[in-house]
Amino acid sequence: GVPLPAPQPVPFRTFRTEFGRWAAGGGEGSLRSALGHYARTSTSGAAVGPRRFGPAYATGGDLFGLLSEMQAGGSGAHTTGVDFSGLVGQPIDVATQEIARSLAPENADADRIASAMQEAVAEALPDVSIFDPVAMSADQIITVLVQFMSLILFNQVVEDAASAWNKAPDADRTVEAEGELLELIKAAVDKHLSPKLADGVGRLAKADVQRLQREAMEEVWREWEAYQ
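Quantities reported herein were computed from a predicted structural model and do not represent experimental measurements.

**Topic: the nonpolar core**
If you look at the biggest cluster of nonpolar residues, it comprises 72 residues, and the most contacted ones within it are Phe-19, Phe-148, Leu-153, Val-157, Leu-181 and Trp-224. Of all the elements in the fold, those that place two or more residues in this core are α1 (13-26), α2 (28-42), α3 (54-71), α5 (92-103), α6 (110-124), α7 (138-161), α8 (171-197) and α9 (206-225). Residue contacts for Trp-224: discarding those within four places in its chain leaves Leu-35, Gly-36, Tyr-38, Ala-39, Arg-40, Leu-153, Val-157, Leu-184, Ile-185 and Ala-188.

**Overview of the packing of α2 against α9**
Put simply, α2 and α9 touch, their axes get as near as 7 Å, and they point 120° apart. Relative to α9, the element α2 is oriented oblique. When the axes of α2 and α9 are compared, the crossing they make is left-handed. Contacts from Leu-35, Gly-36, Tyr-38, Ala-39 and Arg-40 in α2 reach Trp-221, Trp-224 and Glu-225 in α9.

**Digging into the side chain of Ser-42**
Tracing the backbone shows Ser-42 in helix α2. For Ser-42, a relative accessible area of 10% corresponds to the buried category. Of the polar contacts made by the side chain of Ser-42, one reaches the backbone oxygen of Pro-11; its length is 2.6 Å. The residues contacting Ser-42, other than those within four sequence positions of it, are Pro-11, Phe-12, Phe-15 and His-37.

**With respect to the pattern of salt bridges**
Under the counting rule described, the total for this entry stands at 15 salt bridges. Measuring nitrogen to oxygen at the nearest pair gives 3.1 Å for the salt bridge that ties Asp-62 to Lys-206. Here Asp-62 is found in helix α3, whereas its partner Lys-206 is found in helix α9, with 144 residues between them in sequence. Among the salt bridges present, the one from Glu-218 reaches Arg-214, with a minimum N-O distance of 2.9 Å. Taken together, the residues Glu-218 and Arg-214, both in helix α9 and four residues apart, mark about one turn of the helix. What emerges from the salt-bridge pattern is a single network uniting Lys-196, Asp-208, Arg-211, Glu-215 and Glu-219.

**Focus: the packing of aromatic side chains**
Any pair of aromatic rings gets described here by the distance separating the centres and the angle formed by the planes. Taken as a whole and judged by the stated rule, the model has ten aromatic pairs. Here the aromatic rings of Trp-22 and Trp-165 are separated by 6.2 Å at their centres, their planes lie at 65°, and the arrangement is edge-to-face. Linking Trp-22 in helix α1 with Trp-165 in the loop between α7 and α8, this pair joins segments that are 143 residues apart in sequence. Here Trp-22 matches Trp-165 in class, with each residue buried. Ring plane angle 65° and centroid distance 6.0 Å describe the contact between Phe-53 and Trp-221, whose orientation is recorded as edge-to-face. One end of the pair, Phe-53, is in the loop between α2 and α3; the other, Trp-221, is in helix α9, and 168 residues separate them in sequence. The pair formed by Phe-53 and Trp-221 is uniform in burial state, with each residue classed as buried. Positioned over the ring face of Trp-22 is Arg-173, at 5.3 Å from the centre of the ring.

Each value, and the rule that gives it
Residues numbered from 1 in each chain as written. Predicted model: local features only at pLDDT ≥ 70, side-chain atom pairs only at ≥ 80, totals over all residues. Heavy atoms only, no water. Core = buried A, V, L, I, M, F, W, Y, C linked by side-chain atoms within 4.5 Å. Buried < 20%, exposed > 50% of the residue type's maximum accessible area, 1.4 Å probe, protein only. Helix = DSSP H or I, 4+ residues; strand = E, 2+ residues; numbered from the N terminus. Contact = heavy atoms within 4.5 Å. Axes fitted to C-alpha atoms, helices over the stretch in contact; angles between N-to-C directions. Parallel < 35°, antiparallel > 145°, perpendicular 65-115°, else oblique. Left-handed = near helix turned anticlockwise from the far one by under 90°. Polar contact = N/O pair within 3.5 Å; in protein donor to acceptor, adjacent residues only side chain to side chain. Salt bridge = Lys/Arg side-chain N within 4 Å of Asp/Glu carboxyl O. Phe/Tyr/Trp six-rings, centres within 6.5 Å; stacked < 30°, edge-to-face > 60°. Lys NZ or Arg CZ within 6 Å of the ring centre and 35° of its normal.

Purely spatial values, then, with no claim about function.
Structure (structure tokens):
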């Protein structure tokens, strides 16, 4: 409910310049410099930048609560208002697609949030073929949420970098750079979010998970703000 500050005239210029230098092969120093500008200037710092992920925090709270409830033998109806018990025993990609469709917000972010949910489950549970939430460990549920928020942030940074990606000399470098950026983001989100969720599976309310995601993202921003 707090008004956003007036945007900078060209908020992404320096970020994109440094990002393009890194995409061209400039090394980790250029990436850290780019993310420093992204956090400090392009997105107006930790008090403002993380606010743009509100729909993702809400969906993440639903997803964490759903998996926690179903791990304990519930149907998911208490957390989300939807009975997902019929998905147990289904192929995990089918179950995840239905969960993503049901939990994604009804706004412009729906497709990207649904896609991030599906990809997060696939990456967190690479060896699981059947949806069986009772068999999921607490660590796996936490990993799903970490992967989800990492992908949300990664996709936003990629989108904001825009034409800076064109500085990559070839397709191989583009793929390599995407991997490097995603790994850096995953490490940052894991560092700040996982400890907050430890011992929270089955205990944290949906609103608490939403708040903890926001706090973790603010900490990521503050970490990046220190990058020079």
